[in-house]
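Each chain, written out:
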Amino acid sequence: MLRYLLNRLMLAIPTLLGVATLTFFMLALLPGDAVETMLRADGGNPTPEIIAAERARLGLDRPILVQFGDFLWGLFTGDLGSSSWTGKPVLDEIMLRLPVTLELAVLGMIIAVVIALPLGTLAGIFHGTWLDNLIRIFAFGGIALPSFWLGMMLALAMLWFFNWLPPLGSNSLFSDPIRVLQQLTLPALAVGYRYAAMLVRMMRASVIEAMSEDYVRTARAKGLPASSIVRRHIVPNSLLPTVTIIGLEFALMVGSLVVIEQVFSLNGLGRLFVESVARSDLIVIQGIVVVLTIIFIAINLLVDLAYAAIDPRIRLGRG
Amino acid sequence: MRNVFPPPSHGPLWANEPKRLPNWVELIRNYPFGVVGLLVLVIIFVASGLAHWIAPYDPLETNYANTLAAPSLQHWLGTDTFGRDLLSRVLYGGRTALFIGVSASIIGSTIGAMLGITSAYIGGWFELILERFLEVLLAIPTMILALVLVATMGRNLVFGIDFNLVLAIALPIVPNMARIARSQTLTIRRQAYVDAARTLGFSSSRIIAWHIAPNIAGPYIVMVTTFVSQAILIEASLSYLGLGVTAPTASWGLMLAGNAFNSALTAPWIVIFPGVAIALVVFSFSMLGDALRDIFDPKASAGR
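As the structure is a computational prediction, the values presented were derived from the model and not from experiment.

> When you look at the domain arrangement of chain A in this model, what are you seeing that I'm missing?
Accessible area lost upon the coming together of the parts is a frequently used measure of interface size. Residues and elements named next belong to chain A. By domain assignment, chain A separates into domain 1 (2–77) and domain 2 (99–315). In this complex, domain 1 contributes 18 residues to the contact, which on the side of domain 2 involves 16 residues. Summed over both sides, the interface of domain 1 with domain 2 buries roughly 1,500 Å², with 81% coming from carbon and sulfur. Summed over the three residues of domain 1 that lose the most area to domain 2, namely Tyr-4, Leu-16 and Leu-27, the buried surface amounts to 32% of that side. Linking domain 1 with domain 2 are 0 salt bridges, by the criterion used here. Connecting domain 1 to domain 2 are 0 residue pairs in polar contact (both at pLDDT 80 or more). Secondary structure elements with two or more residues in the side of domain 1 that touches domain 2: α1 (2–29), α2 (34–41) and α4 (64–76).

Next comes the structure, spelled out in structure tokens:
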């Protein structure tokens, strides 16, 4: 079990290094001069001298490999550089905003799982009936509705019917959990619905598959009541592929998170990211991509843990 | 006594087959969702393609005397904060969304398919390096990758369409398609007809073009359809964030941006219709994609 986890962790390191390298070179080598874009973002019309001076200030006039070495060394020592816009350390900027994004992600995930697992199971068990079709349409909706638009609609509906909007400002989960919950429930619903749609489809497909397995036939043949067949045979076996999807589709939710934070004026990582893209603040962009990748890998490690907990084949040491 | 050996029937063999329903009835019966999706898409393609002739107003024509008007006979979907006709803007926005969505999806899928096929066919170090590279690309969430590309590439307007935006949406599709094309090619290249072609001395490029590529056409079409909906959602999100399509061009995402939310308190139609348009298109593409997947690969879709 421990070996399995260590194994996974070792596999994650090259991916992380790869993402860091790729992001660095993408930002450094792609056409388009970020410094110029950045200076133009204030509405100025910089002369070549000003651009050159700015490049020198940011250390962008050094050879690319020296910059890259610097970046990698920074990565090891936990230093992601300083924002070329505000001058503050990127890591501080990120840490300031990470809690909101993480809380939102976790809440969205919880909502998605709570909605999706029962619905997917129901749709699978009753597949081909009106209930199944209803749930499938619900799932299609989650895939089709842009989460940022859904968020807007939810907020509008709250405003129309209850004259209520989520509170603004940044609140700490520990000092004021209720306020945080008020603030994050609507955006979490908006991103969670989309996530739930994916899970419903996966769960439904695996329930249908599990239902035609031999062990289900055997269970029926020996006269087990339907409810215990579902509980003891179908659901546990269908959970395995669904849990994998929970990890993989997390990437999808990160994309929605970036946009939904803008809708609800949440000061999270996504907001910082969008602002940095608008200002061409490459160092912050780079830092955020690295941090997001770490989170993505961490989530998938957690999913592997959950997987190991569910699947006896892994728990008992083959991995 | 029953005639055990009936005389051979005259006429062609298929005369004895049970009468089959016409193909299209069968299609509707087997894939109702897919057919609905296809129909909606045809309507939307035609309507937005002919936007120039259909749209009742110029999408850019402002009318400050008639801002935020409710839907009426003159303005079917109402007007926005500048008094522009929403129906016309939704139609023109559809043109933007479909153009960017379809072209990004085709560009991304084609590059991906070519990379996937070549890497699987050639193998060796080329495959190894490409695989690692694509794996890393896959580890970055699609939306994030698109945003990074937007940040680095800047704008590059060709005929009013930001070509770099299309590329930024297309590139995240590449690794996804490449992975699928690769796994398909790996099974195809072991088929006897590929061996036969090689024995006949055909060149690799000919074998890839004539013997392998046609065989992954099915999954390719399915994936293009699926990626179009993804691309349209990303275009809408980027435009909403102010990083996609820029101001004079009509775009659904752009119509929701800025202070649209505040105006929507008094005039909800200005946010409802663009959102419904996005949802309708994405919904139809997903349903069509699902149906195509069932048609091309019946065994992979266990009742999905």
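> What should I look at first to understand the environment of B:Tyr92 in this one?
Residue and element names in this part refer to chain B. Position of Tyr-92 relative to the elements: it lies in helix α4 (residues 86–122). A sequence separation of 106 residues divides Tyr-92 from Arg-198, and the C-alpha atoms of the two residues are 50 Å apart. With residues near it in sequence (within four places) discarded, Tyr-92 still touches Ala-51, His-52, Ala-55, Pro-59 and Ala-250.

> For this particular structure, what's the right way to read the pattern of salt bridges?
Inspection of the entire model under this criterion finds 7 salt bridges over all chains. The shortest N-O distance in the salt bridge between A:Arg217 and A:Asp214 comes to 3.6 Å. With A:Arg217 and A:Asp214 both in helix α9 (residues 214–221) and 3 residues apart, this pair spans about one turn of that helix. Salt bridges sharing common partners tie together B:Glu127, B:Glu131 and B:Arg182.

> Is there a simple way to think about the UniProt feature "transmembrane region" (unreviewed entry) in chain B in this case?
All names here are of chain B. As annotated by UniProt and renumbered to match this structure, "transmembrane region" (unreviewed entry) occupies residues 33–55, 97–121, 133–151, 157–174, 208–232, 238–257 and 269–288. The distance separating the terminal C-alpha atoms of residues 133–151 is 21 Å; by composition the span is 89% helix and 0% strand. For the annotated span residues 238–257, helix accounts for 35% and strand for 0% of the residues, and the straight-line distance between the end C-alpha atoms is 10 Å.

> Even after reading the chapter, I still don't get the interface of chain A and chain B, so can you show me in this structure?
If you look at the interface, chain A gives 50 residues, while chain B gives 42 residues. Between chain A and chain B, roughly 4,100 Å² of surface is buried when both sides are summed, and carbon and sulfur atoms account for 82% of that area. Viewed at the interface, chain B and chain A are joined by 1 salt bridge. The partner of A:Arg201 in a salt bridge is B:Asp290, and the shortest N-O contact between them spans 3.3 Å. Counting the contacts that link chain A with chain B gives 2 residue pairs in polar contact (both at pLDDT 80 or more). For the side of chain A that touches chain B, the secondary structure elements donating two or more residues are α1, α6 (130–144), α7 (147–162), α8 (177–211), α11 (250–263), α12 (269–279) and α13 (282–310) of chain A. When the residues that make up the side of chain A that touches chain B are grouped by side-chain class, the tally is 36 nonpolar, 10 polar and 4 charged.

What counts as what
Each chain carries its own residue numbering, running from 1 in the direction its sequence is written. Going through the entries in the order they are written, you letter the chains from A and number the ligands from 1. The predicted origin of the model limits local features to residues at a pLDDT of at least 70 and limits the giving and counting of side-chain atom pairs to 80 or more, whereas totals for whole chains, interfaces and linings rest on all residues. Side-chain numbers here rest on the full set of heavy atoms in the structure, without hydrogens or water. How far each domain reaches was decided by an automatic or database domain assignment. A contact between two residues is defined here by any heavy atoms of the two lying within 4.5 Å. Two parts placed together each lose some accessible area; with a 1.4 Å probe, that loss summed over both constitutes the buried area. By definition, a salt bridge exists where a carboxyl oxygen of Asp or Glu is found within 4 Å of a side-chain nitrogen of Lys or Arg. For the purposes of these results, a polar contact is taken to be a pair of N or O atoms within 3.5 Å, where, inside protein, one atom must be able to donate a hydrogen and its partner to accept one; residues adjacent in sequence count only when each atom of the pair is a side-chain atom. In this text, helices come from DSSP runs of H or I with a minimum length of four residues, and strands from runs of E with a minimum of two, each type numbered from the N-terminal end. UniProt positions are given in the numbering used here, feature names are shortened, and annotations may be inferred rather than shown by experiment. Residues are sorted three ways: Asp, Glu, Lys and Arg are charged, Ala, Val, Leu, Ile, Met, Phe, Trp, Tyr, Cys and Pro are nonpolar, and all the rest, Gly among them, are polar.

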